[in-house]
Amino acid sequence: MYRSRSVLHLIQQLERLSATSSNILAARHMQTMSVTQPSHIRYAWSIYSHYPTQAVQTRTYTTEKDTARVEELTENEKKLTQEVEEMRKEHAELTEKLKTYDDKYKRALAESENIRRRLTKQIDDAKLFGIQGFCKDLLEVADILGHATEAVPKDEISDKNPHLKNLFEGLSMTRQQLNSVFKRHGLETVNPINEKFNPNLHEALFQQEVANVEPNTVVVVSKIGYKLHDRCIRPALVGVTKG
């Protein structure tokens, strides 16, 4: 019995000695790995210092798990980096498309505005010059009335010839009324006697020398012209002085 107790006591001392030596080795290894290993591994070694028997399994399991987790994080980072890169490319493409569509939109707005202005001008011109063809036809009537009144001898217009007098007055009144209608609708006569020759309103038929008159001056009007709202619809046929 005494020997058994002595042997048991000796075995306990050996276990304590073994545990002490294991703690010393674990502490030294912990000091070595504290610089390079992550905090979760250092924490595992700290557990090992308190529970050496169970720590070996915990350390091995924790290291493998953390390694897998680090690898998983690395794969996730790669995926996230790839997704971010794809999103950047998509953002750049969408930005370029936005610029293109914005440019097309502005061009379409400018084009529609130009079309609107042209149509507005055409409508205004149609309102002003829509009667241009009708006025041209009436100019012949005005010319005939003018020739008729000018063909009547002035000395024959008297009470002795009441019929001729009444006819002349009627033609003159008709011509005046027609001219007033022309003026009301923007049609005006062009009678440029003694004015400078204007190629936009006049058409020169001939040239002649006239003393004491500046060159390119209208001295003869063979046929008066007409303009509708500053647009010449028939130029005046004139003769000008030589330059």
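Here the structure is a predicted model, which means the values were calculated and not measured. (Residues numbered from 1 in each chain as written. Predicted model: local features only at pLDDT ≥ 70, side-chain atom pairs only at ≥ 80, totals over all residues. Heavy atoms only, no water.)

**Section: unusual backbone geometry**
Note: most peptide bonds trans; most residues except glycine with negative phi. One non-glycine residue with positive phi stands out, namely N194, at about 60°. With respect to the secondary-structure elements, N194 resides in the loop between β1 (187–190) and β2 (202–208). Phi is positive for N216, which is not a glycine, with a value near 60°. Inspection of the secondary structure puts N216 in the loop between β2 and β3 (218–223). A residue is classified by how much of its surface remains accessible, and N216, at 39% relative accessible area, is partly exposed. (Helix = DSSP H or I, 4+ residues; strand = E, 2+ residues; numbered from the N terminus. Buried < 20%, exposed > 50% of the residue type's maximum accessible area, 1.4 Å probe, protein only.)

**Quick notes on the confidence of the model for the chain**
Note: predicted coordinates in regions of low pLDDT should not be interpreted at a detailed level. In the predicted model, the chain carries a mean pLDDT of 78, and 70% of its residues have values of at least 70. Mean pLDDT values over the elements of the chain span from 45, in helix α2 (residues 39–50), up to 93, in strand β6 (residues 236–241). Low pLDDT (under 50) marks residues 32–61, which in the prediction has 23 contacts with non-local residues, meaning those over four places away or in another chain. (pLDDT = per-residue confidence, 0-100. Contact = heavy atoms within 4.5 Å.)

**Focus: the nonpolar core**
Counting 11 residues, the largest nonpolar core is built from F129, C135, L139, A142, L145, L178, F182, L187, Y226, L228 and I233. Those elements that provide at least two residues to this core are α4 (132–151), α5 (162–184) and β4 (225–228). It is α4 that provides the largest number of residues to this core, a total of 4 residues. When residues of this core are assigned to domains, at least three map to each of domain 2 (131–185) and domain 3 (187–242). With near-sequence residues (within four places) excluded, L139 lies in contact with F182, L187, Y226, I233 and R234. Core analysis: the next-biggest nonpolar cluster, separate from the first, contains 6 residues, V190, L201, A236 and V240 among them. (Core = buried A, V, L, I, M, F, W, Y, C linked by side-chain atoms within 4.5 Å. Domains from an automatic or database assignment.)

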